[in-house]
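Observations on the three-dimensional arrangement
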Protein chains: 2
Amino acid sequence: MNPSLTLVTRQGNLPVSQHVSCNECSLNPVCLPLAVSSDQLSELEQIMKRGRPLKRGEHLYRASDTFESVYAVRSGALKSYSLSEEGDEQVTGFYLPGEIVGMDGISTAHHMSSVKALETASVCEIPFDKLEQLSQRIPSLQHHFFALMSREIQADRELHMLLSKKAADDRVAHLLLSISARHQRRGLSASSFRLPMSRYDIANYLGLAVETVSRIFTRFQQNSLIRAEGREVEILDRGALCNVGRAETQRRA
Amino acid sequence: MNPSLTLVTRQGNLPVSQHVSCNECSLNPVCLPLAVSSDQLSELEQIMKRGRPLKRGEHLYRASDTFESVYAVRSGALKSYSLSEEGDEQVTGFYLPGEIVGMDGISTAHHMSSVKALETASVCEIPFDKLEQLSQRIPSLQHHFFALMSREIQADRELHMLLSKKAADDRVAHLLLSISARHQRRGLSASSFRLPMSRYDIANYLGLAVETVSRIFTRFQQNSLIRAEGREVEILDRGALCNVGRAETQRRA
DNA sequence: CGCACTGTTGATCCAGCTCAACTTAAGTGG
DNA sequence: CCACTTAAGTTGAGCTGGATCAACAGTGCG
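The rules behind the values
Residues numbered from 1 in each chain as written. Chains lettered and ligands numbered in written order. Predicted model: local features only at pLDDT ≥ 70, side-chain atom pairs only at ≥ 80, totals over all residues. Heavy atoms only, no water. Near = heavy atom within 4 Å. Polar contact = N/O pair within 3.5 Å; in protein donor to acceptor, adjacent residues only side chain to side chain. Helix = DSSP H or I, 4+ residues; strand = E, 2+ residues; numbered from the N terminus. Nonpolar A, V, L, I, M, F, W, Y, C, P; charged D, E, K, R; others polar. Domains from an automatic or database assignment. Buried area = accessible area lost by both parts, 1.4 Å probe. Salt bridge = Lys/Arg side-chain N within 4 Å of Asp/Glu carboxyl O. Core = buried A, V, L, I, M, F, W, Y, C linked by side-chain atoms within 4.5 Å. Buried < 20%, exposed > 50% of the residue type's maximum accessible area, 1.4 Å probe, protein only. Contact = heavy atoms within 4.5 Å. Least-squares fit on C-alpha atoms with pLDDT ≥ 70 in both. Phe/Tyr/Trp six-rings, centres within 6.5 Å; stacked < 30°, edge-to-face > 60°. Expected span 1.5 Å × (residues − 1). Pairing = 2+ DSSP bridges. Axes fitted to C-alpha atoms, helices over the stretch in contact; angles between N-to-C directions. Left-handed = near helix turned anticlockwise from the far one by under 90°.

**Re the protein's contact with DNA strand D**
- Around DNA strand D there are 16 residues in total, and Ala168 and Thr212 of chain A together with Arg199, Arg215 and Thr218 of chain B lie nearest to it.
- Taking all atoms of DNA strand D within 4 Å of the protein, the share assigned to sugar and phosphate is 58%.
- Measuring from a base nitrogen of DNA strand D, one finds a side-chain N or O atom of glutamate 211 of chain A at 3.0 Å.
- One of the side-chain nitrogen or oxygen atoms of threonine 212 of chain A is found 2.2 Å away from a phosphate oxygen of DNA strand D.
- Among the elements of the structure, α7 (210–222) of chain A together with α6 (199–206) and α7 (210–222) of chain B are those that each provide at least two residues to the surface near DNA strand D.
- Here the surface near DNA strand D takes 4 residues from α7 of chain B, the largest share from any one element.
- Here the surface near DNA strand D is built from residues that sort into 5 nonpolar, 5 polar and 6 charged.

Here is the structure:
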């Protein structure tokens, strides 16, 4: 609770710069290591730090903190958000294991959003200046980071379309499919998973009211597209979920 | 009209790799050169190519073209857009002189969107593989590109908030202010300019109906926030324009 | 075991969409 | 250079998807 106490605990129990071993990490095939050859991996490991896990609700960083590092998610889940001038929250993204968070803020030297843990989560910290230096020597690493950011931009463009053109059902369906795909990528079940975020966060992210999201979950369930119990979700009819908005009116028994 | 004829014209009249001289370019202070020292500028100029200008409606590239280059806008204006599975267009961005377009597609080796000229426009082509090589040797260039992409991500996050939380007036006001700021950055008038894009494109970009955008222009004009005549716009009350959505109901005579 | 958070459901309302008619501007060919 | 076509923009009227307000049901943490 007390900041200085937290600091002591962190530095006392878990050395801040504990050695990171990507080879022993199950995320190896989906995370940063895929960008570098095995003999260069140790160089990457050298600059990475692993901190103590974050508890639900704890911040990884806050908007206006100075930008120093990007982070690879090891476990758990995080959300990024920012506040408008009027003070209301906009959830801007969700981050699952194997994904990189914190790439905003490179240009301003300050983070432009805040990131907090949705559940107990741990991350590998990658000091960005070190990463830039390393990228000078490892072309594939430089390329990988350009590609990562490019993919982030692409995803944002897709979201742009979702928010500007698609109805509420589509948006929710899209999110479910996105989470599903990201699970599958890690070798987990694509059809059965637990959502790490609340209905509130989903609604906020998708530009909808909580009530609307809730109703849509219910409707999807009634139409046997999914089975949902709280945050536990099972995808029953992936095809139909992809086509929500296409066959808008479910004229089925 | 005939592709091969166009090709001849291009290569005949204007060599594809015509030397680019950033020092003689008025965009020098807002474009790429700001990333490199003057003695390294020639290296950058070396890899850039200037093609023939694009006419209104011509494509710079199309979605699924192989990704080879990014482009710095020299003059005119461009829009990027993509098509949904149902075939309708989503305008994803507008690009003005001094700005870089084409940074999607790095990860896939194919462009994920199309870019076409809104009016006669010219660009400097920057082959991306060459740029990566150069970035290996010029840290500030590498950093600048990371920063550029980071800023793109930031802008997308802001747009996310705009689309998910803000009312139609806010969205239009925001766009006008954005165009204004980008004009100012180039040393042009911040308060008086010509919009390069149609009402249709504005509406599409902001996730609104054309009619709504048109009505809002009219309303802004009635309330003396702007003076608008077709695409010609003058900002009369910048403060009020920033606060649209704050003082929603204009209880004024 | 109680208080606060998270989620669901119902009823009502309104911002912005759709449809429609019309005006103005911009090409285009004779 | 003007008549004609087509695209771009504006205005009006009415409809609707999703927001808002409200009440209630789990759920879980301290």
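**Considerations on the domain arrangement of chain A**
Residue and element names in this part refer to chain A.
- Per the domain assignment, the segments of chain A are domain 1 (5–161) and domain 2 (166–252).
- Carbon and sulfur atoms supply 57% of the area that domain 1 and domain 2 bury against each other, a total of about 1600 Å² over both sides.
- Considering only the surface of domain 1 that becomes buried against domain 2, Val30, Phe94 and Leu96 emerge as the three largest contributors, covering 36% of it.
- Notably, a salt bridge pairs glutamate 99 with arginine 182, separated by 2.8 Å at the nearest N-O pair.
- Our enumeration of links across domain 1 and domain 2 arrives at 7 residue pairs in polar contact (both at pLDDT 80 or more).
- Those elements that place two or more of their residues in the side of domain 1 that touches domain 2 are β5 (89–95) and α4 (139–165).
- For the side of domain 1 that touches domain 2, the leading source of residues is β5, giving 7 residues.
- The residue makeup of the side of domain 1 that touches domain 2, split by class, is 11 nonpolar, 3 polar and 5 charged.

**Considerations on the nonpolar core**
- Of all hydrophobic cores here, the largest spans 67 residues; its most connected members are Phe217, Phe220 and Leu241 of chain A together with Phe217, Phe220 and Leu241 of chain B.
- Leaving out residues up to four positions away in the same chain, phenylalanine 217 of chain B has contacts with Val172, Leu176, Leu195, Arg199, Ile202, Ile226, Ala228 and Val233 of chain B.
- Val20 and Ile126 of chain A together with Cys22 and Leu148 of chain B belong to the second largest nonpolar core, which has 64 residues in total.

**Concerning the relation of the copies chain B and chain A**
- The two copies are related by a screw operation: chain B maps onto chain A through 180° of rotation and 0.0 Å of translation along the axis, at an RMSD of 0.0 Å. Here the symmetry operator amounts to a two-fold rotation axis. When C-alpha positions in chain B are compared against the rotation axis, the closest is assigned to glutamine 136 of chain B, at 2.4 Å.

**Looking at the side chain of histidine 144 of chain A**
Residue and element names in this part refer to chain A.
- Note on placement: histidine 144 falls in helix α4.
- Since its relative accessible area comes to 12%, histidine 144 is described here as buried.
- If we ignore the near neighbours within four places in the chain, the residues touching histidine 144 are Leu32, Leu34 and Ala35.

**Regarding the packing of aromatic side chains**
- Applying the stated criterion across every chain, the model contains 11 aromatic pairs over all chains.
- Their ring planes at 90° and their centres at 6.5 Å tell us that phenylalanine 146 of chain A and phenylalanine 145 of chain B sit as a pair that is edge-to-face. Residue phenylalanine 146 of chain A is found in helix α4, and its partner phenylalanine 145 of chain B is found in helix α4 (residues 139–165); the two belong to separate chains.
- For phenylalanine 145 of chain B, a relative accessible area of 0% puts it in the buried group.
- Seen from their ring centres, phenylalanine 94 of chain B and tyrosine 205 of chain B are 5.0 Å apart, and the 55° between their planes marks the pair as tilted. One end of the pair, phenylalanine 94 of chain B, is in strand β5 (residues 89–95); the other, tyrosine 205 of chain B, is in helix α6, and 111 residues separate them in sequence. The pair phenylalanine 94 of chain B / tyrosine 205 of chain B is uniform in exposure class, with both members buried.
- What links up through ring pairs into an aromatic cluster is the set Phe67, Phe128, Phe145 and Phe146 of chain A together with Phe67, Phe128, Phe145 and Phe146 of chain B.

**Details of α4 of chain A**
- Its 27 residues place the ends of α4 of chain A 39 Å apart at the C-alpha level, agreeing with the 39 Å of an ideal helix rising 1.5 Å per residue.
- Most of α4 of chain A is tucked away, with 20 of its 27 residues classed as buried.

**Quick look at the environment of serine 84 of chain A**
- Tracing the backbone shows serine 84 of chain A in the loop between β4 (78–83) and β5.
- Serine 84 of chain A gets classed as buried once you look at its relative accessible area, which sits at 6%.

**Remarks on the sheet that holds strand β11 (residues 232–235) of chain A**
Residue and element names in this part refer to chain A.
- Taken in spatial order, the 3 strands make up an open sheet running β9-β11-β10, and their pairing is antiparallel. The sheet is open, and its two borders are formed by β9 (192–194) and β10 (226–229), each paired with just one other strand. Across the sheet, the mean angle from the axis of one strand to that of its neighbour is 15°, orientation sign disregarded.
- Where β10 meets β11, 4 bridges bridge the pair, whose relative direction is antiparallel. Paired with isoleucine 226 across the two strands is isoleucine 235, which belongs to β11.
- Across the sheet, α7 is in contact with β10 and β11; its angle to β10 comes to roughly 130°.

**Notes on the protein's contact with DNA strand C**
- Near DNA strand C, the surroundings consist of 17 residues, among which Arg199, Arg215 and Thr218 of chain A together with Ala168 and Thr212 of chain B are the closest.
- Contacts to DNA strand C include arginine 199 of chain A, whose backbone N or O atom sits 2.8 Å from a phosphate oxygen.
- At a separation of 2.3 Å, a phosphate oxygen of DNA strand C approaches a polar side-chain atom of threonine 212 of chain B.
- Put simply, the parts of the chain that give the surface near DNA strand C at least two residues each are α6 (199–206) and α7 of chain A together with α7 of chain B.
- Of all the elements, α7 of chain A adds the most residues to the surface near DNA strand C, at 4 residues.
- Partitioning the surface near DNA strand C into residue classes produces 5 nonpolar, 5 polar and 7 charged.

**Observations regarding the packing of helix α5 (residues 168–185) of chain A against α6 of chain A**
Residue and element names in this part refer to chain A.
- Interhelical geometry of α5 versus α6 gives an angle of 115° and a closest axis separation of 10 Å. Like other packed secondary-structure pairs, α5 and α6 cross with a definite hand, here right-handed. On α6, the residues that touch Arg171, Val172 and Leu175 of α5 are Ile202, Tyr205 and Leu206.
- A per-class count over the contact of α5 with α6 returns 5 nonpolar, no polar and 1 charged.

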